[in-house]
Amino acid sequence: MMLQAQLHCLCLFTLYLTTGYGQEGKFSGPLKPMTFSIFEGQGPSQIIFQFKASPLAVTFKLTGETDDIFQIQPDGLLYHSKALDRETRAVHKLQVSALDAHGNTVEGPVPITIEVKDINDNRPVFLQPKYEGSVRQNSRPGKPFMYVNATDLDDPATPNGELIYQIIMQLPKVNNVMYFQINNKTGAISLTLEGSQELDPLKNPSYKLVVSVEDMGGQNEHSFSDSTSVDIMVKENIWKTPEPVEIEENSTNPYPIKITQVRWNDPDALYSLVDKEKPSQFPFSIDQEGDIYVTQPLDREEKDAYVFYAAARDEHGKPLAFPLKIQVKVKDINDNPPTCPSTVTVLEVQEDEQIGSSIGTLMAHDMDEENTMNSVLRYRIVDQTPKVPRDGLFLVQTYSGTFQLAVQSLRKRDTPQYNLTVEVSDKDFKTLCFVQINIIDINDQIPIFEESDYGNLTLPEDTAIGTVILTIQATDADEPYTGSSKILYRITQGDSEGCLEIETDPQTNTGYVKVKKPLDFEAVAVHNIVFQAENPEPLALGVQYNASSSATFRLIVTDVNEAPQFSQQVYQAKVSEDVAKGTKVGNVTAKDPEGLDISYSLRGDKRGWLKIDPVTGEIFSVAPLDREAESLYQVQVVATEVGGSSLSSTAQFHLTLTDVNDNPPRLVEEYTGLFFCYPLKAPGSLIFEATDDDQQSLRGRHFTFSLGSESLQKDWEVSKINGIILAVVFFQIKKNKGQHNVESAQASEVKPLRN
């Protein structure tokens, strides 16, 4: 043992010499309070500091939290004999005293603090070897639904205890897409955007993740790590459209009344209701638990159904999913009595109608829901006025409101009208309605003509349309001014062309036969007309029309000599003004309705330019034509019957003449008596203007100008101002030799050049 102690002292002394602990002021010094920081894990016999004491002190004493690790030599050398462990004790509180030879304290004790500095000597460890969690499909991406946690004994304030999480495996991994993500700092697991959209418990009800954790921020190759497995169950999305709701109208229960609910997958969603119709009053609300309420009584007759939407948003107002459709049907209660269609419902029935015949229907109405007991109506006759020939003449079908004759046929002479009081009821209410039944005469009499044959009538074929040519009369013994006695006349034979029509006087039933279309002797000369008189109301059973309802009439159409008819009223032709005499310039045609021959002639040929072939209607030129004299030549063509009454008709013939260049240019005015006296006080000039009677073309015409004599040409010169249509001749005196009378100037046409 002595040898070991000597060796240990030798070791310390060697370390002391080699490390410089003996150097005053750095690793040694007076005894005073001090703090030392030492990394954990260092080997034993590590010198910390050497204290110097007063000359009276011969040794040092160490007390406090030494844990058999810290020791001090008599010469004041403080050291630790074992490796430090921060995780066992991070701070050691020690006291050092200086003693004299008798063991008495000379200095101290002074506090010495040893801070153990951390090294990365611990790996992170998950709190659980396996985690289990669940998530609902369509949950919000990025919102944590579970956590994994790991611990590390190293100092969390240093990189040694900085933990980083990551998912290193997802099973199954569909289409190589990650559905889950983890916060690398907190270990919070949430859905990715793809996971929020694609997770489906029907396809994959569960997933397994492998999650790792690394210390030192995962940035060091000497980092320690751990891993764990995470089993995740996928649950069905609870954000679902609720079933349609039925709410009884006009409920007396206290409001608001909960009617349904919606739930988002997470508990912190914000709910709201949206109605696209935007009514002035919206009778529904939703609380932040997703419970939906009706806030006031509803009236089915005002609105029988509501459709609106429930929306869920996050704390930032962002929609979490598509809104859910909420359907509310307002359930009917019997809160409306039956109503009559009008103050009095008027029906008609013919006398002698058979028992059981339908008379008509009373259509009462109930505003409650159709096809429910609330709107089923029952009809009952409670009174009949008058009660002749007896009471109970009518019955009404209980549910349809249809009236029938109950016991016998009716006669108008007994009474022309019955008034019924009808009770209309639903299961809770009763209403009285009033029905008036009028007895009308049956159509048991046929119309009878006063004359069966209206004889013969001769009319010319040119009788004017609308002319009344005959008055006919039939009578009917049924009740006046009813459909049974009203008479309508129609022609059943003899007028296949529809030339005639018959109008009936509604007061007297007199028929007026009129000409509807022109009569045509050449088409039909004799019409054997048959009239039929009928009622608009059907005849009673067993009654038929017979010969008494028919009459005849013979219409003889006489011929009228009609003038010839041209095929058109205006004939047009166009020729050049320089055509040769005898050139055909047009032709006309006409026909005579009686088929007589026609002779053609001209009227109004004031210039004598034309002639017409009296047989063919061809028109020829007989003299030179001149467009400048008349560019549109108009004459009348006369077509006259040959024989007969020599009737005639006329048409217009318009001949347009096209221009040729057949006129010389000329001066616009006669320039005579123009004198210049000699000597001239100043140069003078005259302006002449030329024109041409031919038609002006779009390019215009050009003229050349010259003076009439050689003497003038010596003394005067011509300057052209413009050469288009109107040309100006400008004269200027060249020599002042005497008096000149300018009598004439000539202009000649130059035809325009073609482009």
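Everything numeric in this text was worked out from a predicted model, so none of it was measured.

A word on the confidence of the model for the chain
- With 85% of its residues at a pLDDT of at least 70, the chain reaches an overall mean of 86.
- Here residues 749–755 is a poorly scored stretch, pLDDT under 50, and it has 17 contacts once near neighbours within four places are set aside; other chains count.

Describing a negative patch on the surface
- On the surface, Glu497, Asp520, Glu522 and Asp559 cluster together into a patch of negative charge.
- Residue classification places Asp520 among the partly exposed residues on the basis of a relative accessible area of 36%.

Re the pattern of salt bridges
- One pass over the full model with this rule turns up 30 salt bridges.
- Here Lys427 ties to Asp428 by a salt bridge, and the two come within 3.3 Å at their closest N and O atoms.
- Taking relative accessible area as the criterion, Asp428 reaches 49% and is therefore assigned partly exposed.
- The partner of Glu503 in a salt bridge is Lys514, with the nearest N and O atoms 3.0 Å apart. Here the residue Glu503 occupies a position in strand β36 (residues 500–504), and Lys514 occupies one in strand β37 (residues 510–515), the gap between them amounting to 11 residues.

What about the sheet that holds strand β14 (residues 180–182)?
- In space, the three strands of this open sheet follow the order β11-β15-β14, with antiparallel pairing throughout. Where the open sheet ends on each side, the last strands, each with one partner, are β11 (146–147) and β14.
- In this structure, β11 lies alongside strand β15 (residues 188–191), joined through two bridges in antiparallel fashion. Note that in β15 the partner of Tyr147 across the bridge is Ala188.

Remarks on the state of the cysteines
- Under the defined criterion, the tally for this structure stands at one disulfide.
- Disulfide partner of Cys340: Cys433, at an S-S distance of 1.9 Å. When the S-S torsion is -95 degrees, as for the bridge of Cys340 with Cys433, the disulfide is left-handed. With Cys340 in the loop between β24 (324–331) and β25 (345–350) and Cys433 in strand β31 (residues 430–440), this residue pair connects regions lying 93 residues apart in the sequence.

Some details on the packing of aromatic side chains
- Using the criterion set out here, one finds 19 aromatic pairs in the structure.
- Centroid distance Trp239 to Tyr271: 6.2 Å. Interplanar angle 20 degrees. Geometry classified as stacked. With Trp239 in the loop between β17 (225–235) and β18 (245–248) and Tyr271 in strand β20 (residues 270–274), the pair connects residues that are 32 residues apart, well separated along the chain. An identical accessibility class is assigned to Trp239 and Tyr271; each is buried.

So, how was this worked out
Within each chain, residues carry numbers counting from 1 in the order of the written sequence. Since the coordinates come from a predicted model, pLDDT governs what is reported: local features require at least 70, and pairs of side-chain atoms require 80 or more to be given and counted, while whole-chain, interface and lining totals use all residues. Excluded from the side-chain calculation are hydrogens and water; included are all heavy atoms of the structure. Summary of the metric used: pLDDT quantifies the predictor's per-residue confidence within the range 0 to 100. Residues count as neighbours in contact if any of their non-hydrogen atoms are within 4.5 Å of one another. Each patch is built from salt-bridge-free residues with over 30% relative accessible area, joining like charges within 9 Å and nonpolar side chains (Val, Leu, Ile, Met, Phe, Trp, Tyr) within 5 Å. Accessible surface is estimated by sampling points in the Shrake-Rupley manner with a 1.4 Å probe; for residues, cover comes only from the protein chains shown. For this document, the term salt bridge refers to a Lys or Arg side-chain nitrogen within 4 Å of an Asp or Glu carboxyl oxygen. Charge counting follows a simple rule: Lys and Arg are positive, Asp and Glu are negative, and His as well as the terminal groups are ignored. Throughout, a charge is located at the NZ atom of Lys, the CZ atom of Arg, the CG atom of Asp or the CD atom of Glu. Three exposure classes are used, based on accessible area relative to the maximum for each residue type with a 1.4 Å probe and protein chains only: buried under 20%, partly exposed in between, and exposed over 50%. Put simply, DSSP marks the helices as runs of H or I at least four residues long and the strands as runs of E at least two long, and each gets a number from the N terminus on. The rule for pairing is simple: two strands pair if DSSP sees at least two bridges between them. Here, a disulfide means two cysteine sulfur atoms that sit within 2.5 Å of each other. Note on ring pairs: Phe, Tyr and Trp rings are taken, using the six-membered ring of Trp, and paired if centres are within 6.5 Å. Classes follow the plane angle, with under 30 degrees stacked, over 60 edge-to-face and the rest tilted.

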